[in-house]
Amino acid sequence: MLVVTEREQLPVAEARAGNAEAWESLFRRYRLPLYVYVFELVRDEQTSLDLVQETVINAYRHLGTLRDDEKFGSWLFGIAHQKCIQHWRGQDRETELQEELASEPLMDEDIPVDLLIREEQEAEFMKLLEKLPWPQRSALVLHYVEDFSLEEIARVTGTNIGTVKSRLHYAKRALRKLLEDAR
Amino acid sequence: MKTPREVLLKKHEAVEGKLDQMWRATLRRGLGGRADATERIPPIAKLWRELIWPCRRVWAGLACAWVLIAVLNLASAEPEPRSFGKTAPPSHEEIRALVEQRRMLAQLIGEEPKPTEKQRTDSSGPRSERMSKLVAA
């Protein structure tokens, strides 16, 4: 069901060496998922394009600091996440940034299974996603779009695994409830 | 039925053209140029970035420790004794008195006084000249 393979062979080392084709390849692999993630946080097309551009430039300049090439994806999304937060700070949305959920530890089995969405529910799904508080939305999009593990999501969002579990749990539960109510 | 991933990507796939344009524009405007610029950093700045800046707190701590040691050292130091090199040279009267004293001492103990500077200059000169003076006398 998931399109993203678990262990992709990404040309990170070649990109680090300055290979333009490797960068092109990395960009093609991540451009849309990165854009989707940024857009679902900032909700504006031009801002999202700008933030993706800044993310790519930042990644290009600092790829040398990445120690584990297999973590390139979560590292890249982590840069994008920081760019979004910087953008919000610029817009003085500190209050929204402070929003936190109760982070009681949850067991793995507490996280509901993924949803399957019928075609007529797609638009509704997008609207419901928008209604979620941004920390839940962020965790959910990372989980859906890149199939990141809890640890990777925690690294991207700068939180701990317990908080990520909690966010995913509440987000999926809220989404499921909203979808059921919408029927 | 679709997965949320498929729904999300499909919703935004129209923007792929703009993302490609943005990528090309970024390359044209100087993604490489920025990298070149970072490579053209002078060696001192590079050294500063790689050696000093990452451990700036450690270096600052060391600097503070040295400053503290220097301050403590200055504060606890005793005043230096007067150095001899800085005393004023003896006056002519003092030198004359000293010479006179030596002469008197020599007379008392029955030694011939050492020739003075003037006497020494008189007797100096080549021996041949001294001989001619003797013959003339």
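What you are looking at is a predicted structure, and each value in this text was computed from that prediction instead of being measured.

Chemist: Go over the overall build of chain A with me, naming the residues and quoting the values.
Modeler: When helices and strands are tallied, chain A shows 9 helices and 0 strands. The secondary structure elements of chain A, listed N-terminal to C-terminal, are α-α-α-α-α-α-α-α-α. Burial analysis of chain A (183 residues in total) assigns 34% to the buried set. Within chain A, residue pairs in contact and separated by at least 24 positions form 68% of the contacts whose partners lie at least 6 positions apart.

Chemist: Residue-level account of the packing of helix H2 (residues 20-42) of chain A against helix H3 (residues 45-62) of chain A, with values.
Modeler: All names here are of chain A. Taken N-terminus to C-terminus, the directions of H2 and H3 make an angle of 135°; their axes are 9 Å apart at the nearest point. One way to sum up the angle between H2 and H3 is to call them oblique. Between H2 and H3 lies a crossing whose hand is right-handed. Of H3, the residues touching H2 (which contributes Trp 23, Phe 27, Leu 34, Tyr 35, Val 38, Phe 39 and Val 42) are Glu 45, Thr 47, Ser 48, Leu 51, Val 52, Thr 55, Val 56 and Tyr 60. The residue makeup of the contact of H2 with H3, split by class, is 11 nonpolar, 3 polar and 1 charged.

Chemist: So what about the confidence of the model for chain B? Which residues, and what values?
Modeler: Residue and element names in this part refer to chain B. Put simply, chain B has an average pLDDT of 76, and 65% of its residues get 70 or more. Mean pLDDT per element in chain B: helix H3 (residues 31-39) is the minimum at 49, and helix H5 (residues 56-76) is the maximum at 91. Per-residue pLDDT stays below 50 along residues 33-39; that stretch engages in 5 contacts with residues further than four places along the chain or on separate chains. The ipTM, which scores confidence in the relative placement of chains, is 0.78 for this predicted complex, and the corresponding pTM is 0.60.

Chemist: Tell me about the nonpolar core, and name the residues and values.
Modeler: Residues and elements named next belong to chain A. Formed by 43 residues in total, the largest nonpolar core has its most connected members in Leu 34, Tyr 37, Val 38, Leu 76, Ala 80, Val 141 and Leu 142. Elements that contribute at least two residues to this core include exactly H2, H3, helix H4 (72-90), helix H6 (122-131), helix H7 (134-146), helix H8 (150-157) and helix H9 (161-182). Per-element accounting of this core gives the leading share, 11 residues, to H2. Lining this core are residues from two domains, each supplying at least three of them: domain 1 (12-95) and domain 2 (99-182). Among all residues touching Leu 76, those that are not within four sequence positions of it are Tyr 30, Leu 34, Thr 55 and Ala 59.

Chemist: I'd like to hear about the interface of chain B and chain A, residue by residue, with values.
Modeler: With 22 residues of chain B in contact, the opposing surface of chain A contributes 27 residues. At the level of elements, helix H1 (4-12), helix H2 (16-29) and H3 of chain B are the ones that each hand at least two residues to the side of chain B that touches chain A. Among the elements that make up the side of chain B that touches chain A, the one with the highest residue count is H1(B) (7 residues). Among the residues forming the side of chain B that touches chain A, the class breakdown is 11 nonpolar, 4 polar and 7 charged.

Chemist: Could you give me a rundown of the environment of A:Gln53, with the residues and numbers involved?
Modeler: Residue and element names in this part refer to chain A. Here Gln 53 shows up in helix H3. Its 18 C-beta neighbours within 10 Å are what place Gln 53 among the partly exposed residues. Expressed as a C-alpha distance, the spacing of Gln 53 and Ala 80, which sit 27 residues apart in the sequence, is 9.5 Å.

The rules behind each value
Residues numbered from 1 in each chain as written. Chains lettered and ligands numbered in written order. Predicted model: local features only at pLDDT ≥ 70, side-chain atom pairs only at ≥ 80, totals over all residues. Helix = DSSP H or I, 4+ residues; strand = E, 2+ residues; numbered from the N terminus. Buried ≥ 20, exposed ≤ 12 C-beta atoms within 10 Å, placed from the backbone. Contact = placed C-beta atoms within 7 Å. Axes fitted to C-alpha atoms, helices over the stretch in contact; angles between N-to-C directions. Parallel < 35°, antiparallel > 145°, perpendicular 65-115°, else oblique. Left-handed = near helix turned anticlockwise from the far one by under 90°. Nonpolar A, V, L, I, M, F, W, Y, C, P; charged D, E, K, R; others polar. pLDDT = per-residue confidence, 0-100. Core = buried A, V, L, I, M, F, W, Y, C linked by C-beta atoms within 7 Å. Domains from an automatic or database assignment.

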